[in-house]
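Here is how the chains run, residue by residue.
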Amino acid sequence: HRPQMAFVFRDLICSANASLMDWTSLGPRAYDCFQAYFQFLARHDQQASAGAVAVAPTPGSASGGGENGGTMELGIDTLWRIVLRCRDGVVADSAKRDLLSVYRDPGLGSQAHFLDRVYRNLSDTLQDLRQAKVSAGGLSAAAVGVDTSASDTRQLGLGVERCLSL
């Protein structure tokens, strides 16, 4: 089942097009689905890399490389998006716990990668907030390319808060 699960996870849930998904409205049942795929594939990749299971790597898997990046890397990227964008606090907290467990496991994530991602997410959010401020200061949102609704500004602030709480 692993090749089919990896395909669904990598090419549907976490694909480049998935980055355009609106993760703000993700609910508990949808997150449970993501989490089941992620945990299964993480466990399977750890076993395969430890030699416990002999599996040929699939394109894009953590052990096989590929043009879409590793399965685990895509999963970690998606976890970051969920943590920073999801409005459901229970889902965001679950994603934070899962993200931290990835970085606690030396086989999955590194401290340097974690710190790089925190810094990059904070920098991106600061840039988005500056654009929103410029837009609110007289330029049209269309000219800057930013939707400056109060809800979006609150969401950016929530992303900063969650990033700092990690």
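Residues numbered from 1 in each chain as written. Predicted model: local features only at pLDDT ≥ 70, side-chain atom pairs only at ≥ 80, totals over all residues. Heavy atoms only, no water.

## Re the nonpolar core
Right, on to step 1. If you look at the biggest cluster of nonpolar residues, it comprises 29 residues, and the most contacted ones within it are Phe-9, Tyr-31, Phe-34, Phe-38, Leu-79, Trp-80 and Ile-82.
Right, on to step 2. Only α1 (2-13), α2 (28-49), α3 (71-85), α4 (89-104) and α5 (111-136) provide two or more residues apiece to this core.
Right, on to step 3. With 8 residues, the top contributor of residues to this core is α3. (Core = buried A, V, L, I, M, F, W, Y, C linked by side-chain atoms within 4.5 Å. Buried < 20%, exposed > 50% of the residue type's maximum accessible area, 1.4 Å probe, protein only. Helix = DSSP H or I, 4+ residues; strand = E, 2+ residues; numbered from the N terminus.)

## Examining the pattern of salt bridges
Right, on to step 1. One pass over the full model with this rule turns up 4 salt bridges.
Right, on to step 2. For the salt bridge of Arg-117 with Asp-77, the shortest nitrogen-to-oxygen distance reads 2.4 Å. With a gap of 40 residues between them, Arg-117 in helix α5 and Asp-77 in helix α3 connect regions that are remote in the sequence. A single burial state applies to Arg-117 and to Asp-77, both of which are buried.
Right, on to step 3. We note a salt bridge from Lys-96 to Asp-93, for which the minimum N-O separation is 3.9 Å. With Lys-96 and Asp-93 both in helix α4 and 3 residues apart, this pair spans about one turn of that helix.
Right, on to step 4. Residue classification places Asp-93 among the partly exposed positions, given a relative accessible area of 36%. (Salt bridge = Lys/Arg side-chain N within 4 Å of Asp/Glu carboxyl O.)

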